[in-house]
Structure formats: C-alpha cells, structure tokens
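Examination of the molecular architecture
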Amino acid sequence: MPSLKSLRLRITSVKSTQKITKAMKMVAAAKLRRAQAQAEAARPYATRMERMIGSLANSVRGLPGAPRLLAGTGKEEVHLLVAVTADRGLCGGFNTAINRATRNKARALIAAGKTVKILTVGRKGRDFLRREHGRLLVGHVDFVGKKVIGFADAEAIATQIADMLGKAEFDVCTLIYNRFKSVISQIVTEQQLVPMTVAEEGAEAKAATAAAATGPRATYEYEPSEEQILAQLLPRNLSVQIYRALLESAAGEQGARMSAMDSATRNAGEMIGKLTLTYNRTRQAMITKELIEIISGAEAV
Amino acid sequence: MAQAATAGKIGFDLVSPEKLLLSADVDLVEIPAEEGDIGVLAGHAPMIVNLRGGIIRIHEGGEVTQRLFVSGGFCEVTPQRCTVLADEATPADELDRVRAEARVKEAEAAYQAAARADEATREAAFARLLSAQAMVAAAGR
C-alpha cells in the first residue's frame, strides 16, 4: 500500500497537470475564435474567384495549349502530395489522421506503380513522414513562431508548387488537410489541385451567377484576352485554395486541441477523485490500526 | 437585390484574399485596368479584366469620395455589380512612402535578376516593378 506521503504528492502533481490542461483549453478556445474569424474573412474572395474561374475555364478548357495548372501535364505518373499538419502536438488525433492518410495514399500509389513526392506543411507531418518516406520528401514549410498565417505564406507554397509544375516534376498534385467541420470534428480531406477540378465548382458558380444576373448568364468580355487573364488567375487561384486549406487546418488544430485538453482536464479530475479516496481510506486504516495497538497494549497490562 | 432603391448605382465590392474590404453602392468607380483606366457605371457590359497597380477611385455625387490603392488583381463587372479581387489593397491616405520606395528597390533588384530568365518571369517582375512605382506615386500625394 502506498504511503500517505506519496499519495499526497501524486494528488498535487495531478492537480497541477489539470491546471495546465485547463489553461491550454482556454488558450485554444481564444485562438480558435480568431482562426475562425480569419477563415470567415477569407471566404468572399474565394467564392468570387471560383465564380470567375468557372466562367473562364469552361471556355478555354477545350483549347490545345491550355495552361498546365488547369489541364495538367496530360500524364498521371508522378504524384505530389501536400500534407498539411500542425506544428505542435497535444491536439488529439489531428496530426495522426493526416499522417496516416498521407502514408496510406503514398503506399497505394507506389503499389500502383506511380512515383510519389511529398511536400510537408507543418512540423508534425515532416517528423512523421520522414521516418517511412524520407526519400520522397521534396520540401518542407512550417510556421513555427508565427502568430497568424498570412496570404503571403500560402503564396510562397503555391509558387513552389507552380515552379515544380513548370519543370514538369509532377503530374498530379493533391492537397491533404483537415477540414474544419466543428470544434469536435475535423475531416481529413483530399483535394486535387493540379489538374484543377472545376467541374462541380463551375456548376455551382454558374448557379451563383445566374442568380446574381437575374436572367440568362451573361457572356463576358475579356481584357486583355481570356488566355492572359487565365494565366494570371490560375496561380492566384492555387494560392487561394492553399490559403483556404491552411486556415481550415489552423482552425481545426485549435478545435482539436480544445477538445483534447477538455477531456484531459476531465480525466485529471477523475484521477484526483480516485486518489483522494485512496488517501482517505489509507489514513483511516492507519488511525484504526494505531488505536488497536494502543487498546491491545492497555489490555495486556 | 433592391433594384429600385439603388437605381443608377452600381454595387461595388473590394475583396482581398484576407478579407472583404468594402461593399457599397456607388455612382461610379474608376478601376486601373491593365490596358488603361476604366470607369464603371451601372448597366456596364459584363467583362473580366486584369488590373495593374494603381488607384481605384469611387465617385459619389460627382465627387471622388474614396481612393484605394491596389497592387494588382482582377475585376469582374456585371450590369449590377463591380467586384474587384485585389492582390492587396490599402486606402491611399494610409500608404507609407518609405515602405513603397523600399518595395520599388526590391522590385528593381528582382527585375535585374530576372533579366536572363524566360519571358514570362521577366514580364511578371516588370509588372511588379510598375505596381511598386504606382504605389510610390500614390503615396506621394
């Protein structure tokens, strides 16, 4: 049976752990609110961008010499996986989910005879994937020490991807990130960036413009030309898609951390309850034992 | 959409990737398109244009009420709306001349460095340089 002193020490230690997890939960809640606001603010640009791309892409898609970002390289040999994870742990299954999804996809692609390259965003993804697929990693970006993710950060990643595409270093690019559904639920999402998937977005966009134009869909005039606008619009769109994924992931991370810390706080509470019970029982048992010793001693006299 | 209430006005939205900066009904907007400034009134023919670095002027009752600097982007015009997707936008009064000049220097260096690159890179660098110069010009006043 543990001594009273060691029990007392354990109770204090669990109590201070609980204080820490509680504080972390509060911090995550505050950061979550900020991340959500940021994701909210980024939405208008993304939806309008989609609308423009939708109307442009359909008119250019069929043409030969369509930009690579839109049409891809026409092959499907080399896959680039972009895995978006957090830089820090203590957020439940958040990072593990992404890592596992990326690993499984890489394995499946390799088994199918494709070449795989991996670009990691966030420290946790690199740390994990380096172990199994170290040779496949082609790049890494993280935001350690950065408070807010800016559009420039997303742009840097997009430029890197576009450069690689320019040199035909991959054929298909897929982004794997956690979509923020609610505080307790983040969904691992695979989004194909290159070649671009406009089909369903285009349909949505069409519906949106049709509603906005209150009549048959207007045909646009383009200045300078469709190709030139598209050449500028596509890299921009890539950045926007990545920016959106980064923000979703940032909000998801805080949400995951919040619920992880919440259950940690609860677990600590339970443990304190159990330990206190054992402590009191032990104390009582000792008192009883001492009394018996005194009484039996007195009787012997 | 309340057409009757805003007759003669055009809905103007200015969005940057980070947020919606402005959404208002205005009389006229002047936008710095790649091939020259365009004035947009309500009922304009639908079009999509590239923007260069320059100033968006919002006219209200015959006067310029707001001036905003954009470093580039796109603009979508429909008869009812004018939507500017700016790469970056700042009210012209808040521009910082020193920062703008620093940016010109950077852009110049990048352009020099791109001298031997392919045409697309060079053009992109040149566009950035022009945009930075426009920023200085806008900050000067």
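**Things to note about the domain arrangement of chain A**
Many structure descriptions define interface size as the accessible area lost when the parts assemble. Residue and element names in this part refer to chain A. Here chain A is partitioned into domain 1 (4–20 + 261–300) and domain 2 (35–196 + 221–260). Computed over C-alpha atoms, the centres of domain 1 and domain 2 are 52 Å apart. Listed as interface residues are 4 residues of domain 1 and, on the opposing side, 5 residues of domain 2. Counting each side, the surface lost to burial between domain 1 and domain 2 is near 310 Å², with a carbon and sulfur contribution of 48%. It is Met261, Asp262 and Ser263 that lose the most area in domain 1 upon contact with domain 2, and together they represent 98% of the buried surface on that side. Counting across the interface, domain 1 meets domain 2 through 0 salt bridges. Linking domain 1 with domain 2 are 9 residue pairs in polar contact (both at pLDDT 80 or more), by the criterion used here.

**Comments concerning the confidence of the model for chain B**
Residues and elements named next belong to chain B. The pLDDT averaged across chain B works out to 84; a share of 94% of its residues lies at or above 70. Considering only residues more than four positions removed or in separate chains, one finds that residues 1–5, a stretch of pLDDT under 50, has 4 contacts. Both confidence scores are given for the complex: pTM 0.84, ipTM 0.78.

**A look at the pattern of salt bridges**
Throughout the structure, instances matching the rule amount to 20 salt bridges over all chains. Of the charged contacts in the structure, one is a salt bridge between Glu76(B) and Arg51(A), with a shortest N-O distance of 3.0 Å. Of the two residues, Glu76(B) sits in strand E8 (residues 73–77) while Arg51(A) sits in helix H1 (residues 4–60), which places them in two different chains. A relative accessible area of 2% means that Glu76(B) is categorised as buried. For Arg51(A), a relative accessible area of 18% puts it in the buried group. A salt bridge links Glu155(A) to Arg236(A), with the shortest nitrogen-to-oxygen separation between them at 2.7 Å.

How each quantity is defined
- Residues numbered from 1 in each chain as written.
- Chains lettered and ligands numbered in written order.
- Predicted model: local features only at pLDDT ≥ 70, side-chain atom pairs only at ≥ 80, totals over all residues.
- Heavy atoms only, no water.
- Domains from an automatic or database assignment.
- Contact = heavy atoms within 4.5 Å.
- Buried area = accessible area lost by both parts, 1.4 Å probe.
- Salt bridge = Lys/Arg side-chain N within 4 Å of Asp/Glu carboxyl O.
- Polar contact = N/O pair within 3.5 Å; in protein donor to acceptor, adjacent residues only side chain to side chain.
- pLDDT = per-residue confidence, 0-100.
- Helix = DSSP H or I, 4+ residues; strand = E, 2+ residues; numbered from the N terminus.
- Buried < 20%, exposed > 50% of the residue type's maximum accessible area, 1.4 Å probe, protein only.

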